[in-house]
Amino acid sequence: MAELPQAFADRMISMLGEEEYELYKAALQKGLRHALRVNTSKISVEDFISICPAELTPVPWCKNGFYYDEEKFAASKHQFYYAGLYYLQEPSAMLPASVLPVEEGDKVLDICAAPGGKSTELMQHIGKTGYLVSNDISASRAKALLKNLEVFGAENILITCESPDRISSAFPGYFDKILIDAPCSGEGMFRKSSSMISAWSDDRVKEFSDIQRSILKEIVKALKPGGMILYSTCTFNAYEDEQSVEYLLSLDDSLRLADFPSYEGFVPGNNSWGETSVKDVEKTKHLFPHRIEGEGHFVSLIKSEAEADKASGVPSFFPKKVKLTEEITDFLSLIHKKYDPGRFELLGERLFYVPEGCPEASGLRILRRGLLFGEQKKKRFEPSQALAMTLGPGSFKNCLDLSVDDVRVSKYLRGETIDISDEEAAGKSNGYILICVGGYSLGFGKLSQGVIKNKYLPGWRMM
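Because the structure is predicted, anything quoted here is derived from the model rather than measured.

Among the structural elements, Ser 232 can be located in strand E9 (residues 223-233). The exposure class of Ser 232 is buried, given its relative accessible area of 0%. A distance of 2.6 Å separates polar atoms of two side chains, one belonging to Ser 232 and the other to Asp 181. Setting aside residues no more than four positions away along its own chain, Ser 232 makes contact with Pro 96, Ile 180, Asp 181, Ala 182, His 297, Phe 298 and Val 299.

On to the packing of helix H1 (residues 6-16) against helix H2 (residues 18-27), then. Direction vectors running N to C along H1 and H2 enclose 120°, while the axes themselves pass 7 Å from each other. The angle between H1 and H2 places the two elements in the oblique class. H1 and H2 meet at a crossing whose hand is right-handed. Listed contacts from H2 to Phe 8, Ala 9, Met 12, Ile 13 and Leu 16 of H1 are Glu 18, Glu 20, Tyr 21 and Tyr 24.

Evaluated as defined, the whole model comprises 30 aromatic pairs. Pairing Phe 8 with Trp 200 gives two aromatic rings, centres 5.7 Å apart and planes at 70°, and the pair type is edge-to-face. Of this pair, Phe 8 sits in helix H1 while Trp 200 sits in the loop between helix H9 (194-199) and helix H10 (202-219), and the two are 192 residues apart along the sequence. When the ring of Phe 373 is compared with that of Phe 381, the centres are 6.5 Å apart and the planes differ by 35°; the resulting orientation is tilted. Phe 381 matches Phe 373 in its accessibility class, with the two residues each being buried. Following the ring pairs from residue to residue traces out a cluster consisting of Phe 331, Tyr 339, Phe 344, Tyr 353, Phe 373, Phe 381, Phe 396, Tyr 432 and Phe 444. The cationic tip of Lys 285 hangs over the ring face of Phe 260; the distance from NZ or CZ to the ring centre is 5.6 Å. Looking at Arg 369, its charged tip hangs above the ring of Phe 317, at a distance of 3.8 Å from the centre.

Another aspect to go through is the sheet that holds strand E20 (residues 418-419). Pairing in this open sheet of 5 strands is mixed, and the strands run E19-E21-E22-E23-E20 from one edge to the other. What marks the edges here is a single partner per strand, and that holds for strand E19 (399-402) and E20. Note: strand E22 (residues 440-448) against strand E23 (residues 451-454), 4 bridges, orientation antiparallel. The residue of E23 that forms the bridge with Ser 448 is Val 451.

So, on to a negative patch on the surface. A contiguous patch of negative charge on the surface is contributed by Glu 55, Asp 69, Glu 70 and Glu 71. Residue position: Glu 55 is located in the loop between helix H3 (45-51) and strand E2 (57-58). The exposure class of Glu 55 is exposed, given its relative accessible area of 69%.

Core analysis: the largest hydrophobic core is formed by 38 residues, its most contacted members being Phe 171, Ile 178 and Ile 180. Mapped by element, the contributors of at least two residues to this core are strand E6 (131-135), strand E8 (175-181), H10, E9, helix H11 (242-250), strand E10 (255-257) and strand E13 (297-304). Leave out the neighbours within four places in its chain, and Ile 178 touches Leu 100, Leu 109, Ile 219, Ala 222, Leu 223, Met 228, Ile 229 and Leu 230. If you look at the next biggest cluster of nonpolar residues, it comprises 36 residues, including Phe 66, Phe 80, Leu 447 and Trp 460.

Time to look at the sheet that holds strand E4 (residues 86-88). Spatial ordering of the open sheet is given by E2-E3-E1-E4, a layout of 4 strands whose pairing is antiparallel. Every other strand in the sheet has two partners, leaving E2 and E4 as the edge strands with one partner each. The pairing of strand E1 (residues 34-38) with E4 spans 3 bridges and is antiparallel. Across the sheet, residue Val 38 finds its bridge partner in E4, namely Tyr 86.

Further remarks concern the packing of H10 against H11. Close contact between H10 and H11 brings their axes to 10 Å; oriented N to C, the two are set at 25°. In terms of orientation, H10 lies roughly parallel with respect to H11. The chirality of how H10 crosses H11 is right-handed. When H10 is examined against H11, the residues Gln 212, Arg 213, Leu 216 and Lys 217 are found in contact with a partner set consisting of Gln 243, Ser 244, Tyr 247 and Leu 248. Within the contact of H10 with H11, the residues separate by chemical class into 3 nonpolar, 3 polar and 2 charged.

Attention now moves to the pattern of salt bridges. For the structure on display, the rule yields 26 salt bridges. In this structure, the salt-bridge partner of Asp 181 is Lys 118, at a minimum N-O distance of 3.1 Å. In this pair, Asp 181 sits in strand E8 while Lys 118 sits in helix H6 (residues 117-123), placing the two residues 63 residues apart along the sequence. Residues Asp 181 and Lys 118 agree in their burial class; the two are buried. For Arg 365, the salt bridge is made with Glu 162, and the minimal N-O distance between the two is 3.8 Å. Remark: Glu 162 occurs in the loop between strand E7 (157-160) and helix H8 (164-170) and Arg 365 occurs in the loop between strand E15 (350-353) and strand E16 (366-369); sequence separation between them is 203 residues. Sharing partners across several salt bridges, the network here consists of Glu 162, Arg 166 and Arg 365.

Thresholds applied
- Residues numbered from 1 in each chain as written.
- Predicted model: local features only at pLDDT ≥ 70, side-chain atom pairs only at ≥ 80, totals over all residues.
- Heavy atoms only, no water.
- Helix = DSSP H or I, 4+ residues; strand = E, 2+ residues; numbered from the N terminus.
- Buried < 20%, exposed > 50% of the residue type's maximum accessible area, 1.4 Å probe, protein only.
- Polar contact = N/O pair within 3.5 Å; in protein donor to acceptor, adjacent residues only side chain to side chain.
- Contact = heavy atoms within 4.5 Å.
- Axes fitted to C-alpha atoms, helices over the stretch in contact; angles between N-to-C directions.
- Parallel < 35°, antiparallel > 145°, perpendicular 65-115°, else oblique.
- Left-handed = near helix turned anticlockwise from the far one by under 90°.
- Phe/Tyr/Trp six-rings, centres within 6.5 Å; stacked < 30°, edge-to-face > 60°.
- Lys NZ or Arg CZ within 6 Å of the ring centre and 35° of its normal.
- Pairing = 2+ DSSP bridges.
- Patch = residues over 30% accessible without salt bridge, like charges linked within 9 Å, V, L, I, M, F, W, Y side chains within 5 Å.
- Areas by Shrake-Rupley, 256 points an atom, 1.4 Å probe, with all protein chains shown as cover.
- Salt bridge = Lys/Arg side-chain N within 4 Å of Asp/Glu carboxyl O.
- Lys, Arg positive; Asp, Glu negative; His and termini not counted.
- Charge placed at Lys NZ, Arg CZ, Asp CG, Glu CD.
- Core = buried A, V, L, I, M, F, W, Y, C linked by side-chain atoms within 4.5 Å.
- Nonpolar A, V, L, I, M, F, W, Y, C, P; charged D, E, K, R; others polar.

Here's what the structure looks like:
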């Protein structure tokens, strides 16, 4: 590991003291802890534990988070990973989305969302009546965000690629909950990435603190009166942590720090670290890698105590009326789920299903609105990979549910054609078939004369 910059070391010693700083340095020489977070929108924690081949140890601050031994369990190559049953996430990074108390029906914003770990957790709590707006200013990073949400089976989503000021202008006073996991100098990631050490400088800390304030200044305008903001970073210094919180509180007199559960090893925020005067600063929490099993993080929860005086002026989105083709209608007859025909949107050849509750976002750069249902080609309809991830054995007419140890699962995930026995084909008609593993969907294939042509999305295939 690269040598820690002296300016960083001096600041950490002033925060922790020399003795504890040595413990921190020693922790950086230890191996990383690996963890996964269960997708409770597809499977309960109890059911996942019963089928997972790995030995799991709970992450204390995340009810659906678990440590695992990477040397014994190749989590990123297991079939259940491809089925979207869990997300691989650094343990401390699980805290922000676990702390923000998202409820069913909430309108939620994840403003710096890529690659999607926090959005996939937030998505699990909004239910069928809430909506998640996931934004990242980088279109390339937002593509990774989109994939991760699609793997998890997300439908009530709006993915945008915008600057904070354009988001706040489009959604004034709209969101019940906002998560701001802000870009930062990454001091908490030094053990995970030595490149963060070489990139660190006092100037870089100042640069990121300015970026954080520019985000906070705009996004506070998008909070509904009575709503909550979760502000977090993966850094230690007070410039990006306590001082940023102080700045956020100064933007609106109704904002107050809120309590959230603390766990062994969490360190309360400290006004003396940044010459701040934040009331109840101890309600914010620092995570240091020598005190907990995870990397460095800072988390604060802020609540608006203002009373809602009027409904948000953001209108709902209503798709233009679409006449569904015969091919689409025929395919819909294979799905044992109800879809409102008035919520389909056709953009060129691409058919989307936009669940009720989606906010209007005209003028914004939208990467995805709702669920990509498929594409209407000449005389045929091709369902999407995203649609497959929202279905299961009981919700599609033709289904081949394979066991975890069936070699055809890996063949399918690699994009190969797979065979089906006469017994398995009994009662199934030629055409699209949903391929599942252990009762959880992987994607589509096309059945013809005992052979299934692979329709698994090429960009998702197992290498």
